[in-house]
Amino acid sequence: MADSPSSPPHEPSAAPSSAPPSPRPEESPLSVRLRAADDDTLEPEPPLEERRAAAETLLTTSLQGYRLVRLLGMGPVSAAFEAVRGVKDAAERAVVRVMVGSAAGHERARSLFLRSAYAANRFNHPRVLPVLGDGLLESGAAYVVRAWADAEPLTNVVQARGKLSEREVLRIAEQLLDALEMAHSHGIVHGAVTPDNVLITERGSMRLADFAAPPGLPGSRMASELDLLASRRSGPFAAPERCAMPPLPPSEAGDIFAVGAVMFYALTGEAPRGTAEGPALAQTAARSLRDVLPEVGEELAQVVDFALRFDPIHRYESAYAMLGDVRRVLAGRKPKLREAVGPSPSSTFDMPGRAGPSSGSILSVGRRESVASASGRLRCREPGEALSPRQEDAGYS
């Protein structure tokens, strides 16, 4: 017999309130302007060769005193340039990212690009590269200037050296998760962790660059509405829910999947979902690490596979929890691999084809904890209820 759609007995319906409705919050000028920009679609993206050719025409251009001297690479919505300011030994280097393609002329896409880049400046972490400035070209394309690092993208490191050792990958993951934990605790998600955005120095130190999610609570209505670039930022390292149509908003669970995918790539030289691409990425589960690399340590394989679980509710509860397991494996101990007891800490989205949060599941929001009821609403944790792994364990026990 089917369950009744009525509320559970322990959740009495709220009494009607006689209080007047709350006044509508004041909107910022940006919100008003974006609301007026009613074009919510982007033109098809030009071929990569065409975008690269357009980017190369910007070489030798001067922006805020920086001269673009070398094209470093092409991203899904922007081109990255090495830029210098000054002469000879006194020259200061930076990276300038310029929007290219159809998104460069779109009002909301430009706003999203700039707001996402500045998310890196909402908190301080020594391994996160901050944004130094921004502007618009005469064509209207937005650009940002970020700090330079004497480091190479992990993609280049793997292509030049081949697969990395287990200890190297664990050390990179430890630094990456430490940076993401700081970001997540400030309500910021990266949204596009890939081997191209994870930079490695000659001594093996990691730097994280190019945030791709607007600041604020991930999964919010504004983040979903403004994320016009999500389909172009999906790819082999994006979580399945970010590759769906329409894509779900960026979340901490998506960042955790991306960390597992980066670890998989560094160990094998391959993406975790093989040759799948496009819409198939939303329906394809990641391969087990030991199926691709049988000689890898069992504990490391468990950590990577746990982070790469298809359903976000079954991944690590937080970057903090995954960081604890990475440190355990580095110390020669077994990972705890506790199942997440609620949705990812930054959002309450429902995956297509499954129900919402189960009754009594714990939903972590920042540093505070609440319990998601069967109806999906939040309530305070009752005395005696189980704590989340994040509260029970700091990752060092």
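My aim in this report is to walk through the structure given alongside it, one point at a time.

**What to know about empty space enclosed by the protein**
In total, this model carries four cavities of 30 Å³ or more according to the counting rule given. Empty space within the second largest cavity amounts to approximately 40 Å³. In this structure, the second largest cavity is lined by Leu154, Val169, Ile172, Ala173, Leu176, Val259, Val262, Met263 and Ala266. Within the residue set of the lining of the second largest cavity, elements represented by two or more residues are helix 5 (166-185) and helix 9 (252-268). Of the residues belonging to the lining of the second largest cavity, the class tally is nine nonpolar, no polar and no charged.

**A closer look at the sheet that holds strand 5 (residues 131-136)**
With antiparallel pairing, the six strands of this open sheet are ordered in space as 1-2-3-4-6-5. Bordering the open sheet on either side are strand 1 (62-63) and strand 5, each of which pairs with just one other strand. By the bridge criterion, five bridges tie strand 5 to strand 6 (residues 142-147) in an arrangement that is antiparallel. Bridging from a neighbouring strand, aspartate 134 pairs with valine 144 of strand 6. The strands touched by helix 2 (residues 48-56) are strand 2 (66-74) and strand 3 (78-85); relative to strand 2, the strand with the most contacts, the crossing angle is about 165°. Sheet contacts for helix 3 (residues 107-117): strand 3, strand 4 (92-99), strand 5 and strand 6; angle to strand 6, the most-contacted strand, approximately 10°.

**Looking at the packing of helix 4 (residues 154-161) against helix 9**
Look at helix 4 against helix 9: their axes get within 9 Å of each other, and the N-to-C directions meet at 20°. Relative to helix 9, helix 4 is oriented roughly parallel. For the crossing formed where helix 4 meets helix 9, the hand is left-handed. Together, Leu154, Thr155, Val158 and Gln159 of helix 4 and Val262, Tyr265 and Ala266 of helix 9 make up the contact between the two elements. Considering only residue class, the contact of helix 4 with helix 9 consists of five nonpolar, two polar and no charged.

**Looking at the pattern of salt bridges**
In the structure shown here, the tally under the stated rule is 14 salt bridges. A salt bridge links glutamate 270 to arginine 287; its shortest N-O distance comes to 3.0 Å. Of the two residues, glutamate 270 is situated in the loop between helix 9 and helix 10 (289-292) and arginine 287 in the loop between helix 9 and helix 10; the sequence distance between them amounts to 17 residues. By relative accessible area, which is 36% here, glutamate 270 ends up partly exposed. What you see here is one network of salt bridges that share partners, running through Arg70, Glu82, Arg93 and Asp150.

**Observations regarding the sheet that holds strand 9 (residues 206-208)**
Strand pairing in a sheet relies on backbone hydrogen bonds. The paired strands run either parallel or antiparallel. On the basis of which strands lie adjacent, the open sheet formed by three strands has the order 7-8-9 and antiparallel pairing. Two strands bound the open sheet, and with one partner strand each, they are strand 7 (152-153) and strand 9. Bridge count for strand 8 (residues 198-200) against strand 9 is three bridges, and the pairing is antiparallel. In the sheet register, leucine 199 faces strand 9, and the bridge partner there is arginine 207. Each of strand 8 and strand 9 touches helix 5; the most contacted strand, strand 9, lies at about 35° to it.

**So, the side chain of glutamine 175**
Looking at the element boundaries, glutamine 175 is found in helix 5. A distance of 2.8 Å separates the side chain of glutamine 175 from the backbone nitrogen of methionine 206, its partner in a polar contact. Sequence-distant contacts of glutamine 175, that is, excluding residues within four places in its chain, are made with Arg127, Gly204, Ser205 and Met206.

Rules of the game
Residues numbered from 1 in each chain as written. Predicted model: local features only at pLDDT ≥ 70, side-chain atom pairs only at ≥ 80, totals over all residues. Heavy atoms only, no water. 1 Å grid on protein atoms, 1.4 Å probe; cavity = no way out; pocket = protein on both sides within 12 Å on 5 of 7 lines; lining within 4 Å. Points joined across faces, edges and corners; volume = space filled by probe spheres on them. Helix = DSSP H or I, 4+ residues; strand = E, 2+ residues; numbered from the N terminus. Nonpolar A, V, L, I, M, F, W, Y, C, P; charged D, E, K, R; others polar. Pairing = 2+ DSSP bridges. Contact = heavy atoms within 4.5 Å. Axes fitted to C-alpha atoms, helices over the stretch in contact; angles between N-to-C directions. Parallel < 35°, antiparallel > 145°, perpendicular 65-115°, else oblique. Left-handed = near helix turned anticlockwise from the far one by under 90°. Salt bridge = Lys/Arg side-chain N within 4 Å of Asp/Glu carboxyl O. Buried < 20%, exposed > 50% of the residue type's maximum accessible area, 1.4 Å probe, protein only. Polar contact = N/O pair within 3.5 Å; in protein donor to acceptor, adjacent residues only side chain to side chain.

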